[in-house]
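Results of the structural survey
Now for the letters of each chain:
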Amino acid sequence: MIGVGKIKHYTNLLEKPLSRGRQEVSLSAFAFLFSELVQYNQTQVDNIAELERRLEDAGYAVGARVLELLCHREKVADSLEKGTEHEDEYMISEKELLVNRFISIPKDMGAFNCGAFVAGIVKGVLDSAGFPAVVTAHFVPMEGQQRPRTTILIKFAEEVLRREARLG
Amino acid sequence: MAPLAPKTGDAVFASIDHVNAELFTLTYGAMVRQLLTDLEEVEEVNKQLDQMYVGYNIGVRLIDEFLAKSNVSRCVDFKETADVIAKVGFKMFLGVTASVTNWDAEGTSFSLVLEDNPLVDFVELPDTFQGLHYCNILSGVIRGALEMVSMKTEVTWVRDMLHGDDAYELRVKLLKQIPEEYPYKDDE
């Protein structure tokens, strides 16, 4: 089956100790790789929505595994807020999202947001942890700032809310 | 103003921003998976990673950053180039050093050996994809970067840990030096 390579766990791979020595790579290495990922996907799709969808899927795969590795970001996000309109919505916002730092959007792509990749990661993490949700990324223009903030909107599924109420 | 001394690989790596290596590894994995799903043929994927998009494209842009951040002066010969790639280049971007071995008699071909490779943490190749050069992006990057500094090279895989070998070995062969061409003439 395609793409199974990363989830097959043979005993020898599991026995390998989690590498502690090297935990970081340069930011630019990641930026280059990410930009190629976006560019490649651009050639495969016809419109922005599809491009975002593909990035989200890629991010999802990352997220599912990130949880498995018990990874955590060194920098906490700028803020976590609860949405005012709906009970089931939460927002994480970041002034300069890592993936958007080195990417500029050409005019004809308008509303496209590479944060879709990060939204996918968050969705993957939440799903694997047992908190299914719909996760999307949005640009929020801010007064007096050149670049808009990026907000990740998390809308939890019904069953999560019901469960929380029961545990309440 | 006196020229800045070239920085060692460690010094450069320490001075730049970092990102969690696992994020990097997983993003690369997601990319390879997408390619496999779209292209289906292992050989096609190998080619994309190296030639067409990915690797080569990254290489031609990476070299700018490399030269800017590391302050290396012009390499005297190919041997120096090899050392610089292994010690400074790899360290600066991937946080690991490679070693240079197996120079051929004319000094135009060498091997880069990597024991530690952040691209392949937690990766195993299933049987159906044994022909896949998972790290082919590296050969494209090296080729693209060297071409931007006037060296046309051929980069091939000799050893691959995902295929059961004990290390990653890339063979880099200098095909020819391209003299720098300026896009305009002085008298126009």
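The rules behind each value
- Residues numbered from 1 in each chain as written.
- Chains lettered and ligands numbered in written order.
- Predicted model: local features only at pLDDT ≥ 70, side-chain atom pairs only at ≥ 80, totals over all residues.
- Heavy atoms only, no water.
- UniProt positions renumbered as here; feature names shortened; annotations may be inferred.
- Buried < 20%, exposed > 50% of the residue type's maximum accessible area, 1.4 Å probe, protein only.
- Helix = DSSP H or I, 4+ residues; strand = E, 2+ residues; numbered from the N terminus.
- Pairing = 2+ DSSP bridges.
- Phe/Tyr/Trp six-rings, centres within 6.5 Å; stacked < 30°, edge-to-face > 60°.
- Lys NZ or Arg CZ within 6 Å of the ring centre and 35° of its normal.
- Axes fitted to C-alpha atoms, helices over the stretch in contact; angles between N-to-C directions.
- Parallel < 35°, antiparallel > 145°, perpendicular 65-115°, else oblique.
- Left-handed = near helix turned anticlockwise from the far one by under 90°.
- Contact = heavy atoms within 4.5 Å.
- Nonpolar A, V, L, I, M, F, W, Y, C, P; charged D, E, K, R; others polar.
- Core = buried A, V, L, I, M, F, W, Y, C linked by side-chain atoms within 4.5 Å.
- Expected span 1.5 Å × (residues − 1).
- Bend = angle between axes of the 7 residues up to and from the residue.
- Salt bridge = Lys/Arg side-chain N within 4 Å of Asp/Glu carboxyl O.
- Polar contact = N/O pair within 3.5 Å; in protein donor to acceptor, adjacent residues only side chain to side chain.
- pLDDT = per-residue confidence, 0-100.

Per an unreviewed UniProt entry, chain B goes by Trafficking protein particle complex subunit and derives from Zingiber officinale. Chain B has a UniProt comment under Subunit (unreviewed entry) that states "Homodimer." Of chain B, the UniProt comment under Function (unreviewed entry) reads exactly: "May play a role in vesicular transport from endoplasmic reticulum to Golgi."

As annotated in an unreviewed UniProt entry, chain A is Trafficking protein particle complex subunit from Zingiber officinale. UniProt, in its Sequence similarities (unreviewed entry) section for chain A, records the words "Belongs to the TRAPP small subunits family. BET3 subfamily."

As for the pairing of strand β5 (residues 149-156) of chain A
Residues and elements named next belong to chain A. Counting buried positions along β5 gives 7 out of 8 residues, so the element sits mostly inside the fold. For strand β4 (residues 133-140) and β5, the ladder comprises 8 bridges, and the chain directions are antiparallel. The residue bridging V134 from the neighbouring strand is K155, located in β5.

A closer look at the packing of aromatic side chains
Scanning the model with the defined rule gives 8 aromatic pairs over all chains in all. Ring centres of F78 of chain B and W103 of chain B lie 6.0 Å apart, and the angle between their planes is 80°; on these two criteria the pair is classed as edge-to-face. Here F78 of chain B, found in helix α5 (residues 78-94), pairs with W103 of chain B, found in the loop between β2 (99-101) and β3 (109-114); they are 25 residues apart in sequence, far enough to count as distant. Look at W103 of chain B and you get partly exposed, because its relative accessible area is 27%. Ring geometry for W103 of chain B and F110 of chain B: centres 5.0 Å apart, planes at 40°, overall tilted. Put simply, the rings of F78, W103 and F110 of chain B pair up and form one aromatic cluster. Against the face of F131 of chain A rests R163 of chain A, its NZ or CZ located 4.9 Å from the ring centre. Sitting above the plane of the W103 of chain B ring, K79 of chain B keeps its charged end 4.9 Å from the centroid.

A look at the packing of helix α4 (residues 54-70) of chain B against helix α6 (residues 136-148) of chain B
Residue and element names in this part refer to chain B. Running from amino to carboxyl end, α4 crosses α6 at an angle of 40°, the nearest separation of the two axes being 6 Å. In terms of their interaxial angle, α4 and α6 are classed as oblique. As α4 runs across α6, the sense of the crossing is right-handed. Across from V54, G55, Y56, I58, G59, V60, L62 and I63 in α4, the residues of α6 making contact are I137, G140, V141, R143, G144, A145, E147 and M148. Here the residues of the contact of α4 with α6 sort into 10 nonpolar, 4 polar and 2 charged.

Here's the deal with the nonpolar core
Within the largest apolar cluster, 77 residues are counted, with the highest numbers of intra-cluster contacts made by F117 of chain A together with F90, L112, L132, Y134, I137 and L138 of chain B. By size, the runner-up hydrophobic cluster in this structure holds 11 residues, among which are V122, A133, V135 and I152 of chain A.

Quick word on α5 of chain B
With 17 residues, α5 of chain B ought to run about 24 Å at 1.5 Å a step, and its terminal C-alpha atoms sit 22 Å apart, in line with that. The largest bend in α5 of chain B amounts to roughly 35° and is located at I85 of chain B.

Remarks on the pattern of salt bridges
By the definition in use, this model includes 10 salt bridges over all chains. R54 of chain A serves as the salt-bridge partner of D38 of chain B, at 2.7 Å between the closest nitrogen and oxygen. Placement of the pair is D38 of chain B in helix α2 (residues 21-39) and R54 of chain A in helix α3 (residues 48-68), with the two residues belonging to separate chains. Relative accessible area serves as the criterion here: at 18%, R54 of chain A is assigned to the buried category. Of the charged contacts in the structure, one is a salt bridge between R159 of chain B and D166 of chain B, with a shortest N-O distance of 2.7 Å. Relative accessible area serves as the criterion here: at 24%, R159 of chain B is assigned to the partly exposed category. Linked by salt bridges that have partners in common, R159, D166 and E169 of chain B make up one network.

Quick notes on the side chain of S70 of chain B
Looking at the element boundaries, S70 of chain B is found in helix α4. There is a polar contact of 2.6 Å between the side chain of S70 of chain B and the backbone oxygen of F66 of chain B.

A look at the confidence of the model for chain B
The predicted model of chain B has a mean per-residue pLDDT of 81, with 90% of residues at 70 or higher. If you check the scores for this complex, the pTM reads 0.70 and the ipTM reads 0.72.

A look at the packing of helix α2 (residues 27-44) of chain A against α4 of chain B
Two elements in contact, α2 of chain A and α4 of chain B, have axes separated by 10 Å at closest approach and are oriented at 145°. By crossing handedness, the relation of α2 of chain A to α4 of chain B is classed as right-handed. Residue-level contacts link S28, F32, L33, S35, E36 and Q39 of chain A of α2 of chain A to V54, N57, I58, R61, L62 and E65 of chain B of α4 of chain B. Here the contact of α2 of chain A with α4 of chain B is composed, by residue class, of 5 nonpolar, 4 polar and 3 charged.

Points about α2 of chain A
Here α2 of chain A contains 18 residues, and its C-alpha end-to-end distance of 26 Å stays within 8% of the 26 Å for a straight helix at 1.5 Å per residue. In terms of residue burial, α2 of chain A counts as a mostly covered element, since 14 of its 18 residues are buried.

Description of unusual backbone geometry
Residue and element names in this part refer to chain B. The phi torsion at N102 lies on the positive side, around 55°, for a residue other than glycine. Relative to the helices and strands, N102 resides in the loop between β2 and β3. Exposure remark for N102: the relative accessible area of 48% places this residue in the partly exposed category.

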